[in-house]
Amino acid sequence: MLLVLLQMLVPLCGAVPRCDPRIRGQCKAAAAEEKPKCTDILLSYCDDMPYTRTMFPNIVGHSTRRDAETGVEYLLISVVEQLLGGQCNPEIRMLGCSVLAPRCEGSKALRPCRSACEAAHKRCSHAFEGIQMAWPYFLDCDRFFVSDQEGCYDPLEGLKVEQEDEAAQNLEAPQPQQAAAPIQFTYHSSSQRIDILKKTENQCSDISRTYSIGRSMEGRELLVIEFSSSPGEHQLLEPEMKLVGNVHGNEPLGGQLLIYLAQYLCSEYLQGNERIQTLINNTRIHILPSMNPDGYEVAVSGDADSNYSDDEGDRYGYGNVGRNNAQNIDLNRNFPDLTTVVYRRRRQKGFRTDHISIPDNYWFGKVAPETYAVMKWIRSVPFVLSASFHSGDRMVSYPYDLSKHPRGQNMFSPTPDDKVFKLLARTYADSNTATPRECGSSHDGSQKGVINGAQWGSISGGMQDFNYLHSNCFEVTVSLGCDKFPPEEELFLSWQDNQEALIAFIEATHRGIKGFVKDEEGKGIKGARISVRGIRHDITTAENGDYWRLLTPGIHIVTASATGYARATKKVHLPTRMQSAGRVDFVLQKAPLDRGMEEEERVLSSSSYDRFDPYNQYNQYTMMADVNRQREERAEKPWWWSYFASLGGPVPTWLLKRH
């Protein structure tokens, strides 16, 4: 802009006056300024537009064809097909031409339709994100395009006709539905992972969406992809489950498997796989491939001098570069230690092992932004089932992770839902075709690839204990093998070993019972408790009164209760081969609190369960993440940047994201 102003000011400052009114005959009538006229389109990359005449100045202000031809905007549309790997071609090029060489009729330049721009933006924005390029400023749909009512034209009209003709031909000659992009069994960087998730979302837009739960310490996005018949919406009685990879940055196999899983679900759904279609149509699946992208980037680079290593070592004594996050925090030791709270209260009358509050003193410790984001995620979605993925002995562990031994020694430490957890762990382990393998000495208590976490190796602040004790979610930990970075040629075999186990585990979300808890008027009761006799762990109903309770086959006595209502109890029989959750609904009648309920309500009302980060300690981490992200963006430029920056003239910073 400064250069343009200088160019305009130079002639004004240095020019000799055309005439002096005081000197007779020196002033002549100025020639009438020539009005812009329609002219032929002579821009080679725009010669296939559905019109042949244009006008200058164009919509972005280029005065002549030469100005337009030598601008970065025209250069971009000339190479955009190569930059985007053939995606969105020729839509982006033609859309750019409609701005740089607008249609001219009757000595008037017409503006292209905003609706065409918005459709292209929705379809193609992910492609620009994939190469870390901002959506071009001259394709700003609000700035350079107009509505139908303002008299616009569709620059992609001819292209649409071709696409419609092609679609008609396809109808006449039916072909199998096009599958999603083939899976590439290789390691991907954090940005490549995000690009794959965005592309998968675009390919399966009817059943998937991506969303962010926060950012890492260095500002990398914690991106989740969700699969559901109604992405972004909680469907009544449809259970929700999650899968989390790369809790430790130097254990990337789990994250890669989850990337492959997302691509597989999309591809198989499009190709009509009935099992996958049934699964997605009846389950809301959330996949977070990387909880620790900062550590992963360091592990990939092998930077041994970083602050990401773990001084204490892990269970196997392997190299730990990138294990921790950018603050050198082990994320699987950073959650609130609620298991100790349970052990301390277990002799108290009416003690609970569910929906335990986060102690206030936790917030004065070092809380990683990644941990914070996942905790908020757990609290905001009514998850039923979860798994996290690590490296190590090839087995599945289940809570508790913290030993009940007074000296903290490894010791079998079961939850009230021990039978349910063993069933869930067995579901994954039995479907995994890889042979169970231990990396070091054998572990007492391991049963064909399944083990209690505390018996394997006692830890506090683990994620699976937090899920169980703070929410309705049952989480297990899947360890995928001793090699933290398997060679790329083994990734396909690892996928083959785990593919069926992943699908079977998602299907396990439908074990047990589900239903509604309503009042006599048919209104769902939020926060009602579902209790099972003999299991001292309740779950609570969601916003509209629906619930899901994982249970083993057999006979169970189930009770629903809520403040101000009389309890209701039912006897439930779950057959061994039952493949879906049994429907058990409750209708509660208004009633005064009995003594037992009154005491229970007193305990619950004094709880600080709803107090999440009460002292707002997390603000400092948010600010630090923003600063780190901005620093990283200033320091790192995309691979294509040098090409555009070396052309001379003003540097086209508008090509950079978040500029």
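Placed above this text is the structure.
Residues numbered from 1 in each chain as written. Predicted model: local features only at pLDDT ≥ 70, side-chain atom pairs only at ≥ 80, totals over all residues. Heavy atoms only, no water.

### Re the packing of aromatic side chains
Okay, step 1: Enumeration according to the criterion identifies 27 aromatic pairs in this entry.
Okay, step 2: Each ring, one from Tyr-137 and one from Phe-138, has its centre 5.7 Å from the other, and the planes form 80 degrees; the classification is edge-to-face.
Okay, step 3: Judged by its relative accessible area of 23%, Tyr-137 falls in the partly exposed class.
Okay, step 4: One aromatic cluster is present, formed by Phe-185, Tyr-260, Tyr-264, Phe-492 and Trp-495 through successive ring pairs.
Okay, step 5: Here Arg-103 stacks its cationic end above the ring of Tyr-153, 5.6 Å away from the centre of that ring.
Okay, step 6: The lysine or arginine in question, Lys-242, covers the ring of Phe-383, its NZ or CZ lying 5.5 Å from the ring centre. (Phe/Tyr/Trp six-rings, centres within 6.5 Å; stacked < 30°, edge-to-face > 60°. Buried < 20%, exposed > 50% of the residue type's maximum accessible area, 1.4 Å probe, protein only. Lys NZ or Arg CZ within 6 Å of the ring centre and 35° of its normal.)

### Brief notes about the side chain of Ser-290
Okay, step 1: In this fold, Ser-290 is placed in the loop between strand 8 (284-288) and helix 11 (293-301).
Okay, step 2: Discounting residues that sit within four places of it in the chain, Ser-290 has contacts with Arg-193, Leu-222, Gly-245 and Asn-246. (Helix = DSSP H or I, 4+ residues; strand = E, 2+ residues; numbered from the N terminus. Contact = heavy atoms within 4.5 Å.)

### Observations regarding the pattern of salt bridges
Pairing of side chains with opposite charge becomes possible as their charged atoms draw close.
Okay, step 1: Scanning the model with the defined rule gives 29 salt bridges in all.
Okay, step 2: In this structure, Arg-220 engages Glu-218 in a salt bridge whose closest nitrogen and oxygen atoms are separated by 2.8 Å.
Okay, step 3: The partner of Arg-275 in a salt bridge is Glu-500, and the shortest N-O contact between them spans 2.8 Å. Note that Arg-275 is positioned in helix 10 (residues 274-282) and Glu-500 in helix 17 (residues 491-507), a separation of 225 residues in sequence.
Okay, step 4: Given a relative accessible area of 35%, Glu-500 falls into the partly exposed group. (Salt bridge = Lys/Arg side-chain N within 4 Å of Asp/Glu carboxyl O.)

### Notes on the sheet that holds strand 18 (residues 568-574)
Okay, step 1: The 4 strands lie next to each other as 15-14-17-18, forming an open sheet whose pairing is antiparallel. Two strands close off the open sheet at either side, each with one partner strand: strand 15 (535-540) and strand 18. Neighbouring strand axes in the sheet, compared pairwise and without regard to direction, differ in orientation by 25 degrees on average.
Okay, step 2: With 7 bridges connecting them, strand 17 (residues 554-561) and strand 18 associate as antiparallel partners. The residue of strand 18 that forms the bridge with Thr-559 is Thr-569. (Pairing = 2+ DSSP bridges. Axes fitted to C-alpha atoms, helices over the stretch in contact; angles between N-to-C directions.)

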